[in-house]
Amino acid sequence: MARVLGGAHDVHLEHTTFITAKNYAVHNAAFSTSPLKELEPRISVGAMHNSLERCDAPKCHPETRVAVQEELFSWIVEGDNDPEPKRITWVTGPAGTGKTAIMGTLADVCHKGGLLAGCFFFSSTSTSSNRRTSTALIPTLAYQLSQHDEAVKEAISNALEGDPVIFRKDLQAQMETLLLRPFREVQERIDQSSWPKVIIIDGLDECEAEQYHHLKAAPGRKPVEPRTSQDAQEEVLKALEEALSDPVFPFRILVASRPERVFRLFFDPEQRKMPFASVVLDEKYNPDADITLFLEAKFKEMRRKYRLTSSWPPKNAIPTLVKNASGQFVYASTVARFISEARNGNPHVLLNVALKLRPIDTGRVNPFSHLDALYSQILRSTPDPDLAVKWLWFMKIWASQDGGDDRAPPASFINFMLESFEGEADHLLGDAHSLVKVPPLEDLQAPYDFYHKSLFDFLDDIYRSGPFHLVYSLRCSFLWEKYMAVVRDGRLKLGDANDDNRNSLAQQLGTMTIILDLPVANVEWWVRKRGRTQQVPALSQSIQQINDYHHYV
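The structure presented is a predicted model; accordingly, all values stated were derived computationally and were not measured. (Residues numbered from 1 in each chain as written. Predicted model: local features only at pLDDT ≥ 70, side-chain atom pairs only at ≥ 80, totals over all residues. Heavy atoms only, no water.)

(A) Here's a closer look at the sheet that holds strand β5 (residues 116-121). If you trace the 5 strands from one edge of the open sheet to the other, you get β5-β6-β7-β4-β8, paired in parallel fashion. If you trace the sheet from one side to the other, it starts and ends with β5 and β8 (277-280), each paired once. Here the strands of the sheet are splayed against their neighbours by 15° on average, with no regard to which way each runs. When strand β4 (residues 88-92) meets strand β7 (residues 252-257), the two strands line up parallel, connected through 5 bridges. (Pairing = 2+ DSSP bridges. Helix = DSSP H or I, 4+ residues; strand = E, 2+ residues; numbered from the N terminus. Axes fitted to C-alpha atoms, helices over the stretch in contact; angles between N-to-C directions.)

Put into structure tokens, the structure is as follows:
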């Protein structure tokens, strides 16, 4: 069952509703009694620039990415003075070039200067499902805009009251009802010159599609084509275009994404009548100099941490790492974590390992060859690389599901599902901390999380990951195997109805039935459908346990 405030933090209910996301806050009893209360369960607090979920999100290191930040900030503040003003700018670049860090830093700067109207940071690896799809985009922007002016808040409330089913309509309808119509209503009553100037949307290429139809065809009917991520991303772009084409919409929009096909087509000058600007994160912005500054700062921290002399690292180390990075900040940040956070080894040895890594020649052009070599080395350093990859995919697949809860399961649940002996998680992942955020043993209610989407780009491409590639069917088999083991081995204490842990396990295992697409059926159906096996009695017993368990839950 979905939580009403899934993804929100620091919520207090005292005869009124308080929603806290640091600087975005509502402390108004009217919010809980007006139509605005309908926004509450539909916003994504985690997608806001200053949310608790993004407290560890990448930001530009001091004195880095200065040129591109200045260019974007100048457009936000003084773009109206251009000979041909442009109301939307597309920031693009390959994986790992620092787009999210730039957008996050710029959002903070604009917020402090009163220039940020709203923002949304998509993330395909987020522990919140409403950051992975566009469902919460317009409600979240409407909520943020309602915080800037009482007249706008009232107008949005009126719009919700006039169309209470708006959240079941498409993005363009939501944009019209929740943003454009309210601004038409108040345009004569507000001073737009004092208003914030920009809406920032980051990681739009990570927006995934929601499926609104059963994909399995009924007898005699043609199967429904699934919506693709490109469909969802194009829908967002068209909704933004609609807003920008309306004179009543007072904001500029800054969009950041990888240069995927849907964005290249949309931001094609031959296709767009509306003028736009584009910023490509390439050699023009001298990423090597910024990566050098970043690595120098990180090695300085390591010298303090390990009490090393100023002669470390050797003179050739940083230039070599910068060259290997090929403009990818994700390589530099992963190297820094690999050296400073590995459980075993010392910084001298680990630095030498990083410097001596050589990409595997696959006969294909691979701009991520040095990053791939680093990922491979980190996985090889684990006690059981094959099993470590399976654990990583288990976490990723689980986090990608919307099983009725916006939050990823705690590490304690992942450990419960996967560990074959107590302490296996720490044993297996102890040397993979540069890839995955592993909660401390005293805080296993926190989830596992990943530093960068590029890890799964690597693992999902057989040409890049080689022996670490795990085909989709084997990923699913691993999930099925672990699910069956939990039920078969009797590890669930189903009799204790007051056990909070049991309730949590029940909820998380409910998500597993969605991931595995388990039907609601009895043992006889399972045996008829799946019984072409030598182990029908064992299968029948296991399925009976599953049915009994889910009947109890």
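Resuming the write-up.
(B) Molecular detail of the pattern of salt bridges. Across all of its chains, the model carries 19 salt bridges by this definition. Ionic pairing is found between E38 and R42, a salt bridge with its closest N-O pair at 3.3 Å. On the accessibility criterion, E38 (32% relative accessible area) is partly exposed. Among the residues examined, R42 registers a relative accessible area of 33% and is labelled partly exposed. Residue E234 pairs with K238 through a salt bridge whose shortest N-O separation is 3.6 Å. On the criterion of helical spacing, the pair formed by E234 and K238 is a turn pair, its members being 4 residues apart in helix α7 (residues 229-244). (Salt bridge = Lys/Arg side-chain N within 4 Å of Asp/Glu carboxyl O. Buried < 20%, exposed > 50% of the residue type's maximum accessible area, 1.4 Å probe, protein only.)

(C) Local environment of helix α2 (residues 66-78). With 13 residues, α2 extends 17 Å from end C-alpha to end C-alpha; this agrees with the ideal 18 Å at 1.5 Å per step. Considered for burial, the residues of α2 that qualify are V68, Q69, L72, W75 and I76. The buried residues of α2 occupy an angular sector of 130° when projected down its axis, which confines them to one face. As for α2, its buried residues are in contact with β4, α3 (99-112), β6 (198-202), β7 and β8. (Expected span 1.5 Å × (residues − 1). Arc of directions from axis to C-beta. Contact = heavy atoms within 4.5 Å.)

(D) Unusual backbone geometry, seen in detail. W312 connects to P313 through a cis peptide bond whose omega is 0°. With respect to the helices and strands, the residue P313 is situated in the loop between α9 (287-306) and α10 (317-325). Here the phi dihedral of E63 falls at roughly 70°; this positive angle occurs in a residue that is not glycine. Structurally, E63 can be placed in the loop between α1 (29-33) and α2. Overall, the relative accessible area of 63% leaves E63 in the exposed class. Positive phi is not limited to glycine here, since S326 has a value of about 50°. One can find S326 in the loop between α10 and α11 (329-341). What makes S326 partly exposed here is its relative accessible area of 43%.

(E) Geometry of helix α6 (residues 171-186). Between its terminal C-alpha atoms α6 stretches 22 Å, which fits the 22 Å expected from 16 residues at 1.5 Å a residue. Largest kink in α6: about 35°, centred on L180, with the proline P182 one to four residues after it. By the burial criterion, the buried members of α6 are L171, Q174, M175, T177, L178, L179, L180, P182, F183 and V186. The inward-facing, buried residues of α6 contact α4 (137-146), α5 (150-162) and α7. (Bend = angle between axes of the 7 residues up to and from the residue.)

(F) How the structure looks around the packing of α4 against α5. Orientation of α4 relative to α5, taken along the N-to-C sense of each, is 140°, at an axis distance of 8 Å. Taking contact as the criterion, the partners of A142, L145 and S146 in α4 are, on α5, V152, K153 and I156. Within the contact of α4 with α5, the residues separate by chemical class into 4 nonpolar, 1 polar and 1 charged. (Nonpolar A, V, L, I, M, F, W, Y, C, P; charged D, E, K, R; others polar.)

(G) A look at the nonpolar core. Formed by 63 residues in total, the largest nonpolar core has its most connected members in L295, F299, I339, W391 and L459. Residue contributions to this core peak at 10 residues, all from helix α14 (residues 385-399). Residues within four places of W391 in sequence aside, it is in contact with N415, L418, E419, E424, A425, L428, L429 and F478. Membership of the second largest hydrophobic core comes to 57 residues, among which are F122, Y143, V152 and I201. (Core = buried A, V, L, I, M, F, W, Y, C linked by side-chain atoms within 4.5 Å.)

(H) Expanded view of the packing of aromatic side chains. The tally for this structure, following the rule as stated, stands at 13 aromatic pairs. Where F183 meets F251, the ring centres are 5.6 Å apart and the plane angle is 80°; that geometry is what we call edge-to-face. Of this pair, F183 sits in helix α6 while F251 sits in the loop between α7 and β7, and the two are 68 residues apart along the sequence. Assigned by exposure class, F183 and F251 land together as buried. Among the aromatic residues, those joined into a cluster by ring pairs are W90, F266, F267 and F276. Above the ring of F121, the side-chain terminus of R54 is found at 3.9 Å from the ring centroid. (Phe/Tyr/Trp six-rings, centres within 6.5 Å; stacked < 30°, edge-to-face > 60°. Lys NZ or Arg CZ within 6 Å of the ring centre and 35° of its normal.)

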